[in-house]
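One letter stands for each residue in the lines below.
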Amino acid sequence: NNAGHTVEVGDKQYKLHLIPSGILHDEKLNVIGNGVVVDPIAFFSEIDYLKEEGVKVTPEKLIVSDRAHIIMPYHKVLDKLKEKARGKNDIGTTGKGIGPCYTDKFERCGIRVCDLIDKEVFKEKLKENIEMKNKYIVNVLGGEALSFDEIYEEYSKYGEKLKPFVKDTSVRVYNEIKDDKTVLFEGAQGMLLDIDYGTYPYVTSSNTTAGGVANGVGIGPNMITNAVGIAKAYTTRELENETGEWIREKGHEYGVTTGRSRRCGWLDIVILKTSVRVSGLTSLAVTKIDTLAGLEKVMMCVGYKFNDEIIDYFPASLEDLKCEPIYEEFDGWDESVAEARSYEELHPNARKYLERIEELTDTRISIVSVGPRRDQTMRVKPL
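Let me begin by describing the structure that accompanies this report. Computed from a predicted structure; not experimentally measured.

### Considerations on the overall build of the protein chain
- Helices and strands together make up the secondary structure of the protein chain, namely 11 helices and 15 strands.
- At 22 Å, the protein chain has a C-alpha radius of gyration in line with the 21 Å of a compact globule built from 383 residues.
- Reported as C-alpha extents along the three principal axes, the dimensions of the protein chain are approximately 65 × 50 × 40 Å.
- Expressed as a percentage of contacts within the protein chain between residues at least 6 apart in sequence, the contacts between residues at least 24 apart total 68%.
- Total accessible area on the protein chain is roughly 20,000 Å²; 48% of this is exposed by carbon and sulfur atoms.
- Placing the 52 positive and 63 negative side-chain charges of the protein chain at their respective mean positions leaves the two points 4 Å apart.

Structure (structure tokens):
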């Protein structure tokens, strides 16, 4: 429940965090894979929210991997206390226990969904974890000890509620693909938040590139036939000036989960090319062309000047990111772009901008959107 997605259908908006956005389609099966860390409180809270909005949520329509790890109360406590201990070097975590849960996963002491729904197994694993975590919370981080009895009672109930939704999702997804069904994998967060290829340490705790799909769901990489990278027409990690503020306000760039304002600026082709490379993207979906409408000139970062050398790849060290962006300038387009319903109807300057993206990334643009509504999203080329 770390990432937030605002999905607009007709005149209705839905804010989702953990449950796949396909839940809005009654006839579709939705899967939470083993690569996700699941907060049972958030899971059932979101189900209640969706039901209030008139969305049907049943175990036939939504399944959760029995191998997914569970976010426990001590993960949230550790997340907040460790972030506080970092002081000015804090990462900006949401405090939802994501990182500590993944830490337990790789330390091999995590509690999985299959453990939570077995009361005896859960009791044994929880007792061991509480004993270990309390020592660290109290003696190292200066926090208060957590109660085993309270957590066991509360989360045993969540285990009972969760049980009908639990399946071996790897088997189910594999069989669906073998039956020639179309499967759409929805990733959370962008490439720059990938644990390996993102702006480390300001990243999430899992792989957010397309390669994470195979491990995160439990299928072979040969079953992924297309990888579509979604990119805004600008970057939400760059300028801190009047133009950046203008883009932020027009594009409503505030985090769904945190409410934090996003730094906005010109499209960064270096980042986009890196995403194409590490995710093996077969096409791009470029959104929010309409947000840039009204600017007389639009810029695009096409390279970095680093140590008197021009580079077009994203360096590993944050220290190496202290480089000078190299821009190309484009003539802007007007607000009429939001009325376009085909690529040919787009303002000629907007088309030039998009074609330059294709040229620089060597990747076709398959989808363009000029607004949040479905009728403002157009298929341009095959995926």
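### Re the pattern of salt bridges
- Counting across every chain of the model gives 19 salt bridges.
- Between Lys157 and Glu153 there is a salt bridge, with its nearest N and O atoms 3.9 Å apart. Residue Lys157 and its partner Glu153 are located together in helix α6 (residues 148-162), separated by four residues, close to a single helical turn.
- With its nearest N and O atoms 2.9 Å apart, the salt bridge here joins Glu319 to Lys322. For the pair formed by Glu319 and Lys322, the shared burial category is exposed.
- In the salt-bridge network here, residues are joined through shared partners; they are Asp66, Arg67 and Asp168.

### Regarding the environment of Lys84
- The topology assignment puts Lys84 in helix α2 (residues 73-86).
- Since its relative accessible area comes to 68%, Lys84 is described here as exposed.
- Separated by 57 residues in sequence, Lys84 and Leu141 place their C-alpha atoms 9.3 Å apart.

### Let's talk about the side chain of Lys61
- Relative to the assigned elements, Lys61 resides in the loop between α1 (40-52) and β5 (62-65).
- Setting aside residues up to four positions removed in sequence, Lys61 forms contacts with Ile23, His25, Asp26, Lys28, Leu29, Asn30, Val55 and Lys56.

### Regarding the nonpolar core
- One finds Phe43, Leu62, Met72, Leu126 and Leu162 to be the most contacted residues of the largest nonpolar core, which totals 37 residues.
- Going through the elements one at a time, β2 (12-16), α1, β5, α2, α4 (113-116), α5 (119-140) and α6 are the ones with two or more residues in this core.
- Per-element accounting of this core gives the leading share, five residues, to α6.
- Judged by nonpolar contacts, the second largest core, of 35 residues, contains Trp266, Leu281, Trp333 and Ile365.

### Some remarks on a negative patch on the surface
- On the surface, Asp118, Glu120, Glu124, Glu128 and Glu131 cluster together to form a negatively charged patch.
- Note on placement: Asp118 falls in the loop between α4 and α5.
- Among the residues examined, Asp118 registers a relative accessible area of 35% and is labelled partly exposed.

### A closer look at the sheet that holds strand β14 (residues 365-369)
- Here we have four strands laid out as an open sheet, ordered β8-β10-β14-β15, and mixed in their pairing. Taken across any chain shown, the strands that pair with only one partner, and hence form the sheet edges, are β8 (228-232) and β15 (377-379). Between one strand and the next, the sheet's axes are offset by a mean angle of 20 degrees, whatever the strand orientation.
- Bridge count for strand β10 (residues 283-287) against β14 is three bridges, and the pairing is parallel. When the bridges of β14 are listed, Leu284 appears paired with Ile365.
- Together, β10 and β14 form the strand contacts of helix α11 (residues 348-361), whose direction differs from that of β14 by roughly 145 degrees.

So, how was this worked out
- For every chain, the first residue of the written sequence is number 1, and numbering continues from 1 along that sequence.
- Confidence filtering applies because this is a predicted model: local features only for residues at pLDDT of at least 70, side-chain atom pairs given and counted only at 80 or more, and all residues used for totals across whole chains, interfaces and linings.
- Side-chain numbers come from the whole structure's heavy atoms, not from hydrogens or water.
- Secondary structure elements are defined from DSSP: runs of H or I of at least 4 residues count as helices, runs of E of at least 2 residues count as strands, and each element is numbered from the N terminus.
- Within these notes, the globule rule equals 2.2 Å times the number of residues to the 0.38 power, and the radius of gyration is based on C-alpha atoms.
- Only heavy atoms enter the contact rule, under which two residues are in contact if any of them lie within 4.5 Å.
- Per-residue and other accessible areas were derived by the Shrake-Rupley procedure at a 1.4 Å probe size, with only the shown protein chains allowed to occlude residues.
- None of His or the chain ends enter the tally, which takes Lys and Arg as positive and Asp and Glu as negative.
- For this purpose, a charge sits on NZ of Lys, CZ of Arg, CG of Asp or CD of Glu.
- We define a salt bridge as a side-chain nitrogen of Lys or Arg found within 4 Å of a carboxyl oxygen belonging to Asp or Glu.
- Each residue is assigned to one of three classes by its accessible area relative to the maximum for its type, calculated with a 1.4 Å probe on protein chains only: buried under 20%, partly exposed between the two thresholds, exposed over 50%.
- Here, the term nonpolar core denotes a set of buried Ala, Val, Leu, Ile, Met, Phe, Trp, Tyr and Cys residues that are joined through side-chain atoms within 4.5 Å.
- Here, patches come from residues exposed beyond 30% relative accessible area and free of salt bridges, joined within 9 Å for like charges and within 5 Å for nonpolar side chains (Val, Leu, Ile, Met, Phe, Trp, Tyr).
- Pairing between strands is defined by DSSP: at least two bridges between them are needed.
- Only the stretch in contact is used when a helix axis is fitted, and all axes are lines through C-alpha atoms; the angle between N-to-C directions ranges over 0 to 180 degrees.

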